[in-house]
Amino acid sequence: DKNSYLVRIITTPTEGGKFDNSVKVSSSVFDPNLANNTASLMKDTTPLQVEVTQFVADLVLKMTTSSAPVVGTPLTYTISVTNQGPNDANQVTITDTLPVVNQVKYNSAKFTPETGSQCYDLNPQQQLVCTIAKLPLNGTTTLTLEVQPLAAGKLTNSVTVKSSEFDSNDANNQATDTTYVNNP
């Protein structure tokens, strides 16, 4: 049987550089000509290399909190993410690790401007995970996160940001805020 099949493979490189492209096929059925079971991307008789450019997006994360929080009243964290480029940032993920369950109750999360972004319910590690499909070069988005303190004392909230692009300065991709909650 002389059937032929086209297999199309699409890849997403995770780093830049030069790559060779070759393929090999095999079968459990006897093949009388093994010499035609491999192929490489060629130009004339020279193997071609594919060069992949790595995109870079320097995300900058900042977090502030409302002042003088009191047990039973809302506490607001304002988290801003700015893309300093040089490229757009895609598949941006903000992960906020809230204080332990007996210290705060999660109320809400809202993006400004509304970017089609979404936040998922808290996971068992008390993390709120929010996603932004695309943050353009020089774009900024702000996530306003509201919790309700349940007990007086020290609250520590940590947040990180990442995207599918390489970040040349990941030192500014995290922030931690320590706040002291007072009794009413």
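See above for the structure.
Predicted model only: the values in this text are computed from it and were never measured.

Caption draft 1: How the structure looks around the overall build of the protein chain. Across its full length, the protein chain holds zero helices and 15 strands. A buried classification covers 29% of the 184 residues belonging to the protein chain. When the accessible surface of the protein chain is summed, it comes to about 12100 Å², and 51% of that surface belongs to carbon and sulfur atoms.

Caption draft 2: A look at the pattern of salt bridges. Taken as a whole, this structure holds one salt bridge when the rule is applied. Notably, a salt bridge pairs Asp 88 with Lys 134, separated by 3.3 Å at the nearest N-O pair. Residue Asp 88 is found in the loop between β8 (75-86) and β9 (89-97), and its partner Lys 134 is found in strand β12 (residues 127-135); the two are separated by 46 residues along the sequence. Judged by relative accessible area, which is 27%, Asp 88 ranks as partly exposed. Look at Lys 134 and you get partly exposed, because its relative accessible area is 47%.

Caption draft 3: Quick look at the sheet that holds strand β10 (residues 104-112). Strand order across the open sheet formed by four strands is β7-β8-β13-β10, with antiparallel pairing between neighbours. Each end of this open sheet is capped by a strand with a single partner; those strands are β7 (57-65) and β10. Strand after strand, the sheet turns through a mean of 20° between neighbouring axes, direction not considered. Bridge count for β8 against strand β13 (residues 140-149) is eight bridges, and the pairing is antiparallel. By the bridge assignment, Thr 78 is partnered in β13 with Thr 144.

Caption draft 4: Main features of the sheet that holds β9. Strand order in the open sheet formed by five strands is β11-β12-β9-β14-β15, with antiparallel pairing between adjacent strands. Bordering the open sheet on either side are β11 (118-120) and β15 (174-181), each of which pairs with just one other strand. Sheet twist, expressed as the average angle between the axes of neighbouring strands with direction ignored, equals 20°. Sheet analysis places strand β14 (residues 153-162) next to β15, joined by eight bridges and oriented antiparallel. If you follow Thr 156 over to β15, its bridge partner there is Thr 178.

Caption draft 5: Broad picture of the environment of Thr 156. Relative to the helices and strands, Thr 156 resides in strand β14. Counting along the chain gives 22 residues from Thr 156 to Thr 178, while the straight-line C-alpha distance between them is 4.4 Å.

Caption draft 6: Layout of the state of the cysteines. Across all of its chains, the model carries one disulfide by this definition. With its sulfur 2.1 Å from that of its partner, Cys 119 forms a disulfide with Cys 130. The sign of the 105° torsion about the S-S bond sets the Cys 119-Cys 130 disulfide as right-handed. Here Cys 119 is found in strand β11, whereas its partner Cys 130 is found in strand β12, with 11 residues between them in sequence.

Caption draft 7: Structural detail: the pairing of β9. In this sheet, β12 lies alongside β9 in antiparallel orientation, the contact comprising eight bridges. Bridge pairing in β12 places Thr 95 opposite Val 129. Where β9 meets β14, five bridges bridge the pair, whose relative direction is antiparallel. Within the sheet, the bridge partner assigned to Thr 95 lies in β14 and is Thr 160.

Caption draft 8: Structural context of unusual backbone geometry. Cis geometry is found at the peptide bond from Gly 85 to Pro 86, where omega equals 20°. Examined against the element boundaries, Pro 86 turns out to sit in strand β8. Cis rather than trans, the peptide bond between Thr 112 and Pro 113 has omega equal to -5°. Despite not being glycine, Gln 91 shows a phi value in the positive range, around 50°. Within the secondary structure, Gln 91 is located in strand β9. Backbone geometry at Asn 138 places phi at a positive 65°, although glycine is not the residue there. For Asn 138, the position within the fold is in the loop between β12 and β13.

About the cut-offs
- Residues numbered from 1 in each chain as written.
- Predicted model: local features only at pLDDT ≥ 70, side-chain atom pairs only at ≥ 80, totals over all residues.
- Heavy atoms only, no water.
- Helix = DSSP H or I, 4+ residues; strand = E, 2+ residues; numbered from the N terminus.
- Buried < 20%, exposed > 50% of the residue type's maximum accessible area, 1.4 Å probe, protein only.
- Areas by Shrake-Rupley, 256 points an atom, 1.4 Å probe, with all protein chains shown as cover.
- Salt bridge = Lys/Arg side-chain N within 4 Å of Asp/Glu carboxyl O.
- Pairing = 2+ DSSP bridges.
- Axes fitted to C-alpha atoms, helices over the stretch in contact; angles between N-to-C directions.
- Disulfide = S-S within 2.5 Å.

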